[in-house]
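The residues making up each chain are set out below.
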Protein chains: 2
Amino acid sequence: MVRAMRAYDVIHKKRDGLPLTKEEIEFLVDGFTKGTVADYQMSAFAMAVFFRGMLPDELAALTGAMLHSGEVLDLSEVNGVKVDKHSTGGVGDKISLPLAPAVASLGVPVPMVSGRGLGHTGGTLDKLESIPGFKVNLSTADYRRLVREIGCCLIGQTAEVAPADKKLYALRDVTATVECIPLITSSILSKKLAEGIDALVLDVKFGSGAFMKSVDDAELLAQTMVDIGTRMGKHVVARLTNMDQPLGIMVGNALEVEESIDVLEGRGPSDVVDLTVELGAEMLFLGKVAKSLDDGRDQLRRSLRDGSAKERFGKIIEAQGGDRRVLDDRKLLPRAPKKLDVKAPRAGIVQSIQTEAVGIASMLLGGGRQRSEDAIDPRVGVELHASIGTRVEVGQPLATLHVADRGVDDACQKLLGAFRIGDGDAMRPPLFGQRLTGA
Amino acid sequence: MVRAMRAYDVIHKKRDGLPLTKEEIEFLVDGFTKGTVADYQMSAFAMAVFFRGMLPDELAALTGAMLHSGEVLDLSEVNGVKVDKHSTGGVGDKISLPLAPAVASLGVPVPMVSGRGLGHTGGTLDKLESIPGFKVNLSTADYRRLVREIGCCLIGQTAEVAPADKKLYALRDVTATVECIPLITSSILSKKLAEGIDALVLDVKFGSGAFMKSVDDAELLAQTMVDIGTRMGKHVVARLTNMDQPLGIMVGNALEVEESIDVLEGRGPSDVVDLTVELGAEMLFLGKVAKSLDDGRDQLRRSLRDGSAKERFGKIIEAQGGDRRVLDDRKLLPRAPKKLDVKAPRAGIVQSIQTEAVGIASMLLGGGRQRSEDAIDPRVGVELHASIGTRVEVGQPLATLHVADRGVDDACQKLLGAFRIGDGDAMRPPLFGQRLTGA
């Protein structure tokens, strides 16, 4: 009795902790993409993976199968080492906006495919779309052309790229199988590798506002992604960074674009600048434009200071249909009709900030999505006036809400609850954790 | 923010090993029955239960929710303690056929809802349907009437009873979540308790031909079912019985009816008789018709010897549309057109029999189903001539295959491989293991 391969048997093996072959994994992903493996089978498989994990061989096969479930872009016509950056998502994380043009301006092509925000985290695409006219849904041909001509393109995942990942991600999102290192790894890498990149810098967040709360989990995720990416022939570096408070002072879409422009003008909050410089240095080093990380840091800082990064961002905005005048006239960005201060209920020192709650407050105002089909209001968000260690007096504004027509009371309450004010001293935790590279 | 209950959160809690409330479990089962909780969510939940298990409170809530997902039959109009028997399934297990009429003939009402065979195990319904005209799909009204009038009715699960279980079982069957004690327990008990019974005798199999290979697993399943059943107000007794070789000598549908008639005539293989007597004694004792198990055994043996059990079976057959003349004229049962001996390849003593392989041989001939939609051939099956400890000579028949048009070569090979013949002595393992009762 020779029996055809069945999804049942693949799930069963994983459930029992037996290693799957490349063929079994490809059968499953292929069937899932085509619809011959049912959603209810794939969700059971995902849950089994949650409990059993995956061996490196299995995970490389899963990533490969998802990567090849759709179109794999070929950017070999573009000269240079193509480098992208991926962040596991945080609150106020607008780094891609200053980073991509800065790195591109220094000669490293940056083909960047980003996502949308969900829950407490924002998404690069939503932020970019707050620039009037900016289009993130470009054709593959335009994407290629822009990378070739201006060294950078900032788009969303196209339907053709990694369809298995799109389908699996939607399924994981409703079956409580998101928080699973092998599934996160294969999801991120399959998408990123399908863009036609040569190297990848990962910003893996840990702390209260991150997906991975503990540094150990973040480290495991980072190491897994570096290992699998390296195995698949790419140069991958991961940086662990702290998310115990929001990045920068702006959380919201147009607000974060403003803050990004500050950075591109050589100003901006030091944490946003520092992270842009570190990740940029990694990209420049991987892109063989910097001799060392220090050289990369110097080059990147210069591009922010001398306006070349900002100039490149203008070109990108223009090429993607946006109004580049926003760079010099902030009033052209959408603005919330009202502002409202959230005031300190007592005097003292900010001991901690529930970063996730800040993200949720912005979401409640309309700056994010509870469900993926929700519409975003680009105008609204949170402007922070205090960070960990700041001394505040009673009634002093902790934050200003930029509000329109939604969720003001809930957001206010959420934000107030996010700040813990006490009497002792408090120090902002260091922004940078470990740096991980391939073998 | 008051948030409505979501399937996601229930799955997430179970995944993380947190105890679920009754409300959460009812929400999930209710939504699944109605279709507002998706199959892919329920299969992920089932897989999480596979890994995390369920606490007694959770399991009672799950069983209750599944029980109340459909109609719960009320047999209070029928006098006496209504008792049913459930077996976890084995090869050659035709016990229900002689048992139900014997117990009913002694004054204990037996409302019996049975299942169909799948894979290597046969199903009571398929066996009954090999009696010409016998109908297992009766209305609830007819079911009630037969239990009242003749003390027994042998039917299949109706669409109205425990629809959540039907849906969940189908899902587990294709997502590798069948082998899970809490899910097995809630499946069996929700169906059985919906029949309107007062007490239940469980025959939990262990050994090579059983679903639970190890006696420890079988014991855990038995204890779980006894505990949850008791908690839900029913009298439940479980007997562990050995499945290291088939029960009786016949495996197949009409063939097992024949063997059952032998038992009802005071003859038949001793293991089938002994198991019928033991389970019957338990039912008579629970049904308050026997003063003790020994009294029950005596009464049951008498009903088999004096023809009253057989007479009652005749009444049941007649009432369910079947031809009761089969009881006295075996030629009225469907018969396979051909027979084929499987001969011993060497002399020696039968050391072991892979019971599952015997069941699969019968299935390959058409006596069982590989998939639930397959059609059964009632005529075919396996007649065993040797059991563990039997001395055989080269070329002596180990078994006779009753064959029609399907799977002869495969079945032959499967059966030959099932017998291990050696030189040492071998003893049939004892049929009976532990007896478990409620607190």
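Residues numbered from 1 in each chain as written. Chains lettered and ligands numbered in written order. Predicted model: local features only at pLDDT ≥ 70, side-chain atom pairs only at ≥ 80, totals over all residues. Heavy atoms only, no water.

Caption draft 1: Spotlight on the overall build of chain A. When helices and strands are counted, chain A shows 16 helices and 13 strands. For chain A, whose C-alpha radius of gyration is 22 Å, the value lies close to the compact-globule estimate of 22 Å for 439 residues. Each principal axis of the C-alpha atoms in chain A carries an extent, and together these give about 80 × 45 × 40 Å. Taken over 439 residues, chain A has a buried fraction of 59%. For chain A, the proportion of contacts with a sequence separation of at least 24, taken over those separated by at least 6, is 77%. (Helix = DSSP H or I, 4+ residues; strand = E, 2+ residues; numbered from the N terminus. Rg over C-alpha atoms; globule rule 2.2 N^0.38 Å. Buried < 20%, exposed > 50% of the residue type's maximum accessible area, 1.4 Å probe, protein only. Contact = heavy atoms within 4.5 Å.)

Caption draft 2: Just the interface of chain A and chain B, in detail. Taken together, the contacts link 27 residues of chain A with 26 residues of chain B. For the pair chain A and chain B, the summed buried surface comes to about 2,300 Å²; carbon and sulfur atoms form 71% of the total. When residues of the side of chain A that touches chain B are traced back to their parent elements, those giving at least two are helix 1 (7–15), helix 3 (39–52), helix 8 (163–174), helix 15 (355–367) and helix 16 (408–418) of chain A. With ten residues, the single largest contributor to the side of chain A that touches chain B is helix 3 of chain A. When the residues that make up the side of chain A that touches chain B are grouped by side-chain class, the tally is 14 nonpolar, five polar and eight charged. (Buried area = accessible area lost by both parts, 1.4 Å probe. Nonpolar A, V, L, I, M, F, W, Y, C, P; charged D, E, K, R; others polar.)

Caption draft 3: Fine view of the pattern of salt bridges. Here the structure, examined in full by the defined rule, presents 92 salt bridges over all chains. Residue A:Asp16 pairs with A:Arg15 through a salt bridge whose shortest N-O separation is 3.0 Å. Residue class for A:Arg15 comes out buried when judged on its relative accessible area of 4%. The salt bridge partner of B:Lys191 is B:Asp165, with a shortest N-O separation of 3.4 Å. Of the two residues, B:Lys191 sits in helix 9 (residues 181–193) while B:Asp165 sits in helix 8 (residues 163–174), which places them 26 residues apart along the sequence. By relative accessible area, which is 2% here, B:Asp165 ends up buried. (Salt bridge = Lys/Arg side-chain N within 4 Å of Asp/Glu carboxyl O.)

Caption draft 4: Structural detail: the environment of B:Arg6. Residues and elements named next belong to chain B. Residue placement: Arg6 occurs in the segment before helix 1 (7–15). Under the relative-accessibility criterion, Arg6 is labelled partly exposed at 35%. C-alpha separation for the pair Arg6 and Glu24, spaced 18 residues apart in sequence, amounts to 8.8 Å. Reaching out from Arg6, the side chain makes a polar contact with the side chain of Asp9 at a distance of 3.0 Å. (Polar contact = N/O pair within 3.5 Å; in protein donor to acceptor, adjacent residues only side chain to side chain.)

Caption draft 5: Fine view of the relation of the copies chain A and chain B. For these two chains of identical sequence, chain A goes onto chain B by a turn of 180 degrees and a shift of 0.2 Å along the axis, with RMSD 0.1 Å. Here the transformation between the copies is reduced to the relation of a two-fold axis. Of every C-alpha in chain A, the one belonging to A:Tyr40 sits nearest the axis of rotation, 1.8 Å from it. Both copies share a contact surface, since 96% of the interface residues of chain A are interface residues in chain B too. (Least-squares fit on C-alpha atoms with pLDDT ≥ 70 in both.)

Caption draft 6: Region of the structure containing the sheet that holds strand 4 (residues 199–206) of chain B. Residue and element names in this part refer to chain B. The strand order 1-4-5-13 describes an open sheet built from four strands, whose pairing is mixed. This sheet does not close on itself; its edge strands, each paired only once, are strand 1 (83–87) and strand 13 (432–437). Sheet twist, expressed as the mean angle between neighbouring strand axes with direction ignored, is 15 degrees. The sheet contact formed by strand 4 and strand 5 (residues 235–242) spans eight bridges and is parallel. From the neighbouring strand, Val204 faces strand 5, where its bridge partner is Leu240. Contacts from helix 10 (residues 215–231) reach strand 4, strand 5 and strand 13, with the element oriented near 170 degrees to strand 5. Along the sheet, helix 12 (residues 270–286) contacts strand 1, strand 4, strand 5 and strand 13; its crossing angle with strand 4, the most-contacted strand, is approximately 150 degrees. (Pairing = 2+ DSSP bridges. Axes fitted to C-alpha atoms, helices over the stretch in contact; angles between N-to-C directions.)

Caption draft 7: Local environment of the nonpolar core. One finds A:Phe45, A:Leu304, A:Phe313, B:Phe45, B:Leu304 and B:Phe313 to be the most contacted residues of the largest nonpolar core, which totals 228 residues. Leaving out residues up to four positions away in the same chain, A:Leu304 has contacts with A:Ala102, A:Val263, A:Leu264, A:Glu265, A:Gly266, A:Val273, A:Val277 and A:Ala309. (Core = buried A, V, L, I, M, F, W, Y, C linked by side-chain atoms within 4.5 Å.)

Caption draft 8: Highlighting the sheet that holds strand 11 (residues 397–403) of chain B. All names here are of chain B. One open sheet holds the four strands; their spatial order is 6-9-11-7, and the pairing between them is antiparallel. Two strands bound the open sheet, and with one partner strand each, they are strand 6 (250–252) and strand 7 (338–343). Averaged over all neighbouring strand pairs, the angle between strand axes comes to 20 degrees, with direction disregarded. In terms of strand pairing, strand 7 meets strand 11 through six bridges, oriented antiparallel. If you follow Leu340 over to strand 11, its bridge partner there is Leu401. Most of the contacts of helix 11 (residues 253–264) go to strand 6, to which it runs at about 140 degrees, and overall it touches strand 6, strand 9 (381–384) and strand 11. Against the sheet, helix 15 (residues 355–367) touches strand 6, strand 9 and strand 11, its axis set at about 140 degrees to strand 9.

Caption draft 9: The arrangement of helix 14 (residues 308–319) of chain A in detail. All names here are of chain A. Relative to the 16 Å expected for twelve residues at 1.5 Å per residue, helix 14 spans 17 Å between its end C-alpha atoms, a close match to the ideal helical length. Within the sequence span of helix 14, burial applies to Ala309, Lys310, Arg312, Phe313, Gly314, Ile316 and Ile317. Elements in contact with the buried residues of helix 14: helix 5 (96–105), helix 6 (124–129), helix 7 (140–150), strand 3 (152–156), helix 11 (253–264) and helix 13 (293–305). Directly beyond the C-terminal end of helix 14, a positive phi value near 85 degrees is found at Gly321. (Expected span 1.5 Å × (residues − 1).)

In short, geometric facts, not functional conclusions.
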